[in-house]
Amino acid sequence: MTICAAIKPRLPAGVTRSALNSPGDRAPDDPPGIRRAAHLRARSRRVLRDRITTISIIQTPAPYLGGKRNLAKRLTALIDAIPHRSYVEPFVGMGGIFLRRARPAPVEVINDISGDVVTFFRVAQRHPDALAAELRGMLSGRDEFDRLRRIDPTTLTDIERAARFLYLQRLTFGGKIRTRCFGVDKANPSRFDPRKVLPNLERLNARLAGVTIERLGYGDVIARYDDPRALFYLDPPYWDCEDDYGVGVFARDDFERLANQLAKIRGRFILSINATDGARAVFSRFAIEEVDTTYTVGSAGGKRVRELIITNRKD
Ligand SMILES: C[S@@+](CC[C@H](N)C(=O)[O-])C[C@H]1O[C@@H](n2cnc3c(N)ncnc32)[C@H](O)[C@@H]1O
C-alpha cells in the first residue's frame, strides 16, 4: 500500500518508519520478560502500521448534484473489499466517494468531462496557495453569486476558474450545476466561509499528491487505464437526468455503450445509478444489488429513493 506522503501521521519519538517494517526482534531463547516486551513492541508496530495505511477522510469541498454522501459508507466498504492496485473514477464530480475512501490505492486516477471540475482539482493539487488567496477575498452574497454565475468560466485564468467553481458550488441550492441559484439557509451561517473552506483545501492538496487528474470522456479513460488489477468506480449521470451536467456530454445511449465497454474490461468495476427499469435492463448482464438510500437537496429532509449497485465478478 503506497502512502500519501504529505498526510502520513507523525510517529512517536524514537520510532522510525523502517522499524515499522522490521520483523519481531525477539530470539526464541530470550527470557519470558524480554519475550513479552518484544511482543508488546510488535503489537504497537502493527497498530502504527494500520494508522499509516489509513489516511484521514477528507470532506468534499462543496455540495455537488448527484454526490454520493448517503451511499458513501456502503460504496467505500465495497471498494475496500475488492483487492486492486489502481483505483479509477471516470465520473468523479466533487469526489464524494474518492475523498471518502480511507485507504488510497497505489495508483489513483480521477476523471471528469467537466472543465470546471478538472480545473478545480488541478489547481487544488498544483496551486493551493494561489487558490486560497483568491478565495480569501471573496464575499458571500447574492449579488456576487449572480455576477460570478453569469461569467463564462473559459474567459478566466485557471485559478480564478477554480475559485469561482468552488464558490458557486458552496452556495448554490442543492449542489446544482446547470441551473444554479443562490441557496438560502435561515438556520445556518453562510456555507462560503473562508475560515472553514481553506483548512479543508490544505487537506485536499495533500490528498491529491500523486493522483492523476484526467479530462477525458468516460470511454477513453476506461480504455486507457483498464488492467487486471484496476478497480473502476463509476457514478454516471442519473437515468432520466442525462443533461444535468451539460447538454450533449452524456446521452441515454451512453448507458448501453458503457455497459458494452464494461462487459469487456479486464479489471473490476462498481457502478451506482438510480433504480429505473431502463437501468436494470441495460445492466442486466451484471450482478445488481438494489439498495434504499436518501436523496437530500439543500437542508431539507431527505427523500427515500432506491439505487442500483452494479458490479462485475471476476472469480
Ligand atoms: C453523478 S455525477 C458524479 C458525482 C460524484 N460521484 C460526486 O460524489 O460528486 C456525474 C459526473 O459525470 C460527469 N460526466 C458526464 N458525462 C461525462 C462523460 N461523457 N465522461 C466523463 N464524465 C462525464 C459530470 O460532469 C459529473 O461530474
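Quick note: structure is the one above.
Residues numbered from 1 in each chain as written. Predicted model: local features only at pLDDT ≥ 70, side-chain atom pairs only at ≥ 80, totals over all residues.

1. Regarding the overall build of the protein
So, point 1. In terms of helices and strands, the protein carries eleven helices and seven strands.
So, point 2. Residues counted as buried form 30% of the 315 residues belonging to the protein.
So, point 3. Long-range pairs, those at least 24 residues apart, make up 73% of the contacts in the protein with a sequence separation of at least 6. (Helix = DSSP H or I, 4+ residues; strand = E, 2+ residues; numbered from the N terminus. Buried ≥ 20, exposed ≤ 12 C-beta atoms within 10 Å, placed from the backbone. Contact = placed C-beta atoms within 7 Å.)

2. Concerning unusual backbone geometry
So, point 1. Phi at D240 takes a positive value of approximately 80 degrees, unusual for a residue other than glycine.
So, point 2. As for its placement among the helices and strands, D240 is situated in the loop between strand 4 (230–234) and helix 10 (252–264).
So, point 3. The exposure class assigned to D240 is exposed, which follows from the 12 C-beta atoms found within 10 Å.

3. Some words on the nonpolar core
So, point 1. Counting 59 residues, the largest nonpolar core has V88, F120, F121, A124, A162, L166 and F232 as the members making the most contacts within it.
So, point 2. Considering each element in turn, this core owes the most residues, seven residues, to helix 7 (residues 158–171).
So, point 3. Residue contributions to this core reach at least three from each of two domains, namely domain 1 (67–113 + 216–315) and domain 2 (114–208). (Core = buried A, V, L, I, M, F, W, Y, C linked by C-beta atoms within 7 Å. Domains from an automatic or database assignment.)

4. Here we look at the packing of helix 6 (residues 142–150) against helix 7
So, point 1. Running from N to C, helix 6 and helix 7 point in directions that differ by 130 degrees, and their axes come no closer than 10 Å. Comparing the axis directions of helix 6 and helix 7 gives the class oblique. The hand of the helix 6/helix 7 crossing is left-handed. Contact residues: F145, L148 and R149 in helix 6; R164, Y167, L168 and L171 in helix 7.
So, point 2. Across the contact of helix 6 with helix 7, the residue classes break down as five nonpolar, no polar and two charged. (Axes fitted to C-alpha atoms, helices over the stretch in contact; angles between N-to-C directions. Parallel < 35°, antiparallel > 145°, perpendicular 65-115°, else oblique. Left-handed = near helix turned anticlockwise from the far one by under 90°. Nonpolar A, V, L, I, M, F, W, Y, C, P; charged D, E, K, R; others polar.)

5. Comments concerning the site of the ligand
So, point 1. Around the ligand, a shell composed of 23 residues is seen, among which G66, F91, G93, G96 and F250 lie nearest.
So, point 2. Tallied by class, the residues present in the shell around the ligand amount to 13 nonpolar, seven polar and three charged. (Near = placed C-beta within 6 Å.)

6. Quick look at helix 3 (residues 72–81)
Each full turn of the α-helix corresponds to 3.6 residues, which orients residues three or four apart in the same direction.
So, point 1. By the burial criterion, the buried members of helix 3 are L75, T76 and I79. One face of helix 3 carries all of its buried residues, which in axial projection span an arc of 95 degrees. The exposed set on the far side of helix 3, more than 90 degrees from its buried face, consists of K73, A77, D80 and A81.
So, point 2. Those residues of helix 3 that are buried lie in contact with strand 4 and strand 5 (268–274). (Arc of directions from axis to C-beta.)

7. Quick word on the sheet that holds strand 1 (residues 86–89)
So, point 1. Strand order in the open sheet made by the seven strands is 3-2-1-4-5-7-6, with mixed pairing throughout. For this open sheet the edge positions go to strand 3 (212–214) and strand 6 (287–295), each flanked by a neighbour on one side alone. On average, each strand axis in the sheet is tilted by 20 degrees relative to the strand beside it, whichever way the strands run.
So, point 2. Pairing between strand 4 and strand 5: four bridges, direction parallel. Opposite L234, over in strand 5, you have L271 as the bridge partner.
So, point 3. Contacts between helix 9 (residues 218–225) and the sheet are confined to strand 1, strand 2 (107–111), strand 3 and strand 4, with strand 1 contributing the most and set at about 170 degrees to the helix. (Pairing = 2+ DSSP bridges.)

8. Considering the packing of helix 5 (residues 128–136) against helix 7
So, point 1. Direction vectors running N to C along helix 5 and helix 7 enclose 55 degrees, while the axes themselves pass 9 Å from each other. One finds that helix 5 runs oblique with respect to helix 7. Once helix 5 is placed against helix 7, the crossing between them reads as right-handed. For the pair formed by helix 5 and helix 7, the contact residues are A130, L131, E134 and L135 on the first element and I159, E160, A162, A163 and L166 on the second.
So, point 2. Among the residues making up the contact of helix 5 with helix 7, the classes are represented as seven nonpolar, no polar and two charged.

9. Some thoughts on helix 4 (residues 115–126)
So, point 1. Taking 1.5 Å as the rise per residue, helix 4 with twelve residues should run 16 Å; its terminal C-alpha atoms sit 16 Å apart, in good agreement.
So, point 2. For helix 4, the full list of buried residues reads D116, V117, V118, T119, F120, F121, V123 and A124.
So, point 3. Lining the buried residues of helix 4 we find strand 2, helix 5, helix 7, helix 8 (194–207) and strand 3. (Expected span 1.5 Å × (residues − 1).)

10. Some words on the environment of R100
So, point 1. Along the polypeptide, R100 turns up in the loop between strand 1 and strand 2.
So, point 2. By the C-beta count within 10 Å, which is 18 here, R100 ends up partly exposed.
So, point 3. Here the alpha-carbon distance between R100 and K68, two residues 32 residues apart in the chain, equals 9.9 Å.
So, point 4. Contacts of R100, omitting those with residues within four sequence positions, involve I57, A72 and T76.

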